[in-house]
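# Architecture and fold: a report
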Amino acid sequence: MSIMTPTNRENPTYPKFILGVEPPAGRTEKALWFIFRGRDILLKVRKNPGAIPKLLDFGEFGLPAVREQYLGMLEGTHCYSVELPADAKAPEGMEFVDLRKAHSEISEGCFELVNKAVQVVEWDRTNQFCSRCGTKTVQKPGERGKECPSCGELFYPRISPAIIVLIRKGHEVLLARSPNFPPGVYSLIAGFVEPGETAETAVAREVWEEVGLKVKNITYFGTQAWPFPNSLMIGFTAEYDSGDIRPDGFEIEDAKWFSVEDLPALPGKISISRKLIDHFLKEEGMEV
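Everything quoted here is computed from the prediction, not taken from an experiment.

Rules behind the numbers
- Residues numbered from 1 in each chain as written.
- Predicted model: local features only at pLDDT ≥ 70, side-chain atom pairs only at ≥ 80, totals over all residues.
- Heavy atoms only, no water.
- Helix = DSSP H or I, 4+ residues; strand = E, 2+ residues; numbered from the N terminus.
- Buried < 20%, exposed > 50% of the residue type's maximum accessible area, 1.4 Å probe, protein only.
- Contact = heavy atoms within 4.5 Å.
- Lys, Arg positive; Asp, Glu negative; His and termini not counted.
- Charge placed at Lys NZ, Arg CZ, Asp CG, Glu CD.
- Phe/Tyr/Trp six-rings, centres within 6.5 Å; stacked < 30°, edge-to-face > 60°.
- Pairing = 2+ DSSP bridges.
- Salt bridge = Lys/Arg side-chain N within 4 Å of Asp/Glu carboxyl O.
- Expected span 1.5 Å × (residues − 1).

## Here's the deal with the overall build of the protein
Helix and strand counts for the protein come out as four helices and 16 strands. With respect to the three principal axes, the spread of C-alpha positions in the protein is 60 × 50 × 40 Å. Burial analysis of the protein (288 residues in total) assigns 46% to the buried set. Look at the contacts in the protein between residues 6 or more apart in sequence, and 64% of them connect residues 24 or more apart. Averaging the positions of the 34 positive and the 41 negative side-chain charges in the protein gives two centres separated by 4 Å.

Right, here's the structure in full:
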């Protein structure tokens, strides 16, 4: 999707997206509109299939917006998120695509903004009233926040930290299947960080709970924002220490040690799970 491609790849610190909260007054140029019906996003199917629609005004679609939020600017182009009612129909030449399917079909740069947009929509939808006293909340000026005018409680977008870990045993890697995965696909052990835990403690606990293994040398790898539902995935690598694989039967239905010669179907390229697996493959001398 060319409109989402960074123009300054030689400088990785260049901010291709500038966060914004207050929409510009008197905008005269077209903007990108990230439009959602539930967890489905509206994408083009004709004339640049898979692209985010770019319009001067959302009203051109003739669709009823439940709520709208300004996101910021992508390389000089303003961006908005919009929530539609559950019965909204896609305009001619467009379709609503499930987020997980969209994740596998669009570029990494595009998905980063889709991720941001859907989480802003979800935050707006779920914080219309104060969870402390029930009063209708109001937008906090200049911030991505809502405030209760009665008790003063503040509500910001919720980010849920979760770990994901690649475990290696010699020249093999542990891959596991959730019952929710597409047929044949294996990935890595992952789970949410519990209150009071460090991320490293969560790694050891999740691995033990889900597959009955103990690990050592837990090492930080990187992070990725993930909209299923509102996670910050914290990636780690670790080494097998002891134990026999024992899937818990709930989160994990199967888990095995795999060598680079017999890998199963893997997650999509832009997920941090695949980045961890590709890192392992490179260490094993494989082209990825």
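## Considerations on the packing of aromatic side chains
In this structure the tally under the stated criterion is nine aromatic pairs. Measuring from centroid to centroid gives 6.2 Å for F58 and F61, while their planes differ by 80°, and the two rings are edge-to-face. Per residue, the accessibility class of F58 equals that of F61, and both read buried. With a centroid separation of 6.2 Å and 80° between ring planes, the pair formed by Y220 and F236 is classed as edge-to-face. Note that Y220 is positioned in strand 14 (residues 214-226) and F236 in strand 15 (residues 231-242), a separation of 16 residues in sequence.

## A look at the sheet that holds strand 9 (residues 146-147)
The antiparallel open sheet is built from three strands, whose spatial order is 8-9-10. With one partner strand each, in any of the chains shown, strand 8 (138-139) and strand 10 (154-155) form the two edges of the open sheet. Both strand 8 and strand 9 contribute to a ladder of two bridges, which runs antiparallel. Paired with V138 across the two strands is E147, which belongs to strand 9.

## Things to note about the pattern of salt bridges
Opposite charge on two side chains permits them to pair, given that their charged atoms come into close proximity. Taken as a whole, this structure holds 18 salt bridges when the rule is applied. K140 is the salt-bridge partner of E147, the closest N and O atoms lying 3.9 Å from each other. For K140, a relative accessible area of 18% puts it in the buried group. Residue R205 is joined to E197 by a salt bridge in which the shortest nitrogen-to-oxygen separation is 2.5 Å. Here R205 matches E197 in class, with each residue buried.

## A few points about the environment of G191
Along the chain, G191 turns up in strand 13 (residues 189-192). Taking the relative accessible area as the measure of exposure, G191 reaches 13% and is therefore buried. G191 sits 44 residues away from E147 along the chain, and the two C-alpha atoms are 31 Å apart. Not counting residues up to four positions away in its chain, the partners in contact with G191 are A162, I163 and E206.

## As for the side chain of Q119
Mapped onto the secondary structure, Q119 falls in helix 2 (residues 108-126). When sequence neighbours within four positions are dropped, the list of residues in contact with Q119 reads R158, I159, W226, P227, P229 and N230.

## As for the pairing of strand 3 (residues 40-44)
Counting buried positions over the five residues of strand 3 gives four, a clear majority of the element. Inspection of the sheet shows strand 3 paired to strand 7 (residues 94-98) by five bridges, in the antiparallel sense. The partner of L42 across the bridge, within strand 7, is F96.

## As for helix 4 (residues 272-283)
The end-to-end C-alpha separation of helix 4 is 17 Å, in line with the 16 Å expected for 12 residues at 1.5 Å each. Listed as buried for helix 4 are I272, S273, R274, L276, I277, D278, F280 and L281. Those residues of helix 4 that are buried are in contact with strand 11 (160-169), strand 12 (172-177), strand 14 and strand 15.

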